[in-house]
Amino acid sequence: LVHDLSAIDGTVAHLKCQISSTNDSGIIDEDHFLIVAEVVDAFVHPDYWDAAKNRFRPQGDLTPPYLTFFGSQSFGYVRAS
């Protein structure tokens, strides 16, 4: 039985998680809350999975880059080298 599944159309990867607990009491700050979950399944579009090296990255020059979070409010694109 599946409840409350969410996905964003057009994403190249997603995780299916089982939520263990949530904490919205302001432990992080007033704009964020903590979710504890276990990954139970995952999907990566074949154009972004390097099976030989088990890495998530675009597989060719024609594969569009993806946006990633570097931390501390910094984002960037990952593209094929």
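Model, not experiment: these values are computed from the prediction.

**Q** What exactly am I supposed to notice about the overall build of the protein chain here?
**A** Secondary structure assignment for the protein chain yields zero helices and six strands. Walking the protein chain from its N terminus toward its C terminus, one meets helices and strands in the order β-β-β-β-β-β. Looking at the 81 residues of the protein chain, the share that counts as buried comes to 10%. About 7200 Å² of surface is accessible on the protein chain, with carbon and sulfur atoms providing 52% of the total.

**Q** Just checking my understanding: could you explain the pattern of salt bridges for this structure?
**A** If charged atoms from side chains of opposite charge come close, those side chains can pair. Under the criterion given, the structure shown has one salt bridge. Across the salt bridge formed by Asp50 and Arg57, the nearest N and O atoms sit 2.4 Å from each other. Judged by relative accessible area, which is 10%, Asp50 ranks as buried. Judged by relative accessible area, Arg57 falls into the partly exposed class, the value being 27%.

**Q** Would you explain the environment of Pro58 in this entry?
**A** As for its placement among the helices and strands, Pro58 is situated in the loop between β4 (55-56) and β5 (66-71). For the pair Pro58 and Ala80, spaced 22 residues apart in sequence, the C-alpha separation works out to 5.1 Å. Beyond its immediate sequence surroundings of up to four residues, Pro58 is in contact with Asp47, Tyr48, Thr63, Pro64, Tyr66, Val78, Arg79 and Ala80.

**Q** Help me understand unusual backbone geometry, please; the structure alone is not making it clear to me.
**A** Phi is positive for Ser72, which is not a glycine, with a value near 50°. Of note, Ser72 is situated in the loop between β5 and β6 (74-78). On the basis of relative accessible area, Ser72 is assigned to the exposed category, the value being 69%. A positive phi angle, near 65°, is found at Gln73, a position not held by glycine.

**Q** How should the side chain of Asp50 be read in this particular structure?
**A** Mapped onto the elements of the fold, Asp50 is located in strand β3 (residues 49-50). A distance of 3.2 Å separates the side chain of Asp50 from the backbone nitrogen of Ala52, its partner in a polar contact. Separated by 2.4 Å, the side chains of Asp50 and Arg57 make a polar contact. Asp50 has contacts with Arg55, Arg57 and Gln59, leaving out every residue within four places of it along the chain.

**Q** Is there a simple way to think about a nonpolar patch on the surface in this case?
**A** A contiguous nonpolar surface patch, about 520 Å² in accessible area, is contributed by Leu67, Phe69, Phe75 and Tyr77. Breaking the nonpolar patch down by element, the ones donating at least two residues are β5 and β6. Relative to the helices and strands, Tyr77 is located in strand β6.

What counts and what doesn't
The residue numbers shown here count from 1 along each chain, following its written sequence. With pLDDT at 70 or above as the cut-off, local features in this predicted model cover only qualifying residues; side-chain atom pairs require 80 or more to be listed or tallied, and sums for whole chains, interfaces and linings still use all residues. Hydrogens are left out, water is left out, and the side-chain values use all remaining heavy atoms of the structure. Think of it this way: any DSSP run of H or I at least four residues long counts as a helix, any run of E at least two long counts as a strand, and we number them from the N terminus. With a 1.4 Å probe rolled over the protein chains alone, any residue whose accessible area is under 20% of its type maximum counts as buried; one over 50% counts as exposed, and the rest are partly exposed. Where accessible areas are quoted, they stem from the Shrake-Rupley method and a 1.4 Å probe; at the residue level, only the protein chains shown are allowed to cover. Whenever a carboxyl oxygen of Asp or Glu lies within 4 Å of a side-chain nitrogen of Lys or Arg, that contact is scored as a salt bridge. What makes two residues a contact is simply this: any of their non-hydrogen atoms within 4.5 Å. Polar contact is the term for a pair of N or O atoms within 3.5 Å; when the atoms are in protein, one must be able to donate a hydrogen and the other to accept it, and sequence-neighboring residues count only if both atoms are side-chain atoms. By definition, no residue in a patch forms a salt bridge, and every one has over 30% relative accessible area; like charges are joined within 9 Å, nonpolar side chains (Val, Leu, Ile, Met, Phe, Trp, Tyr) within 5 Å.

On their own, these measurements won't tell you what the molecule is for.
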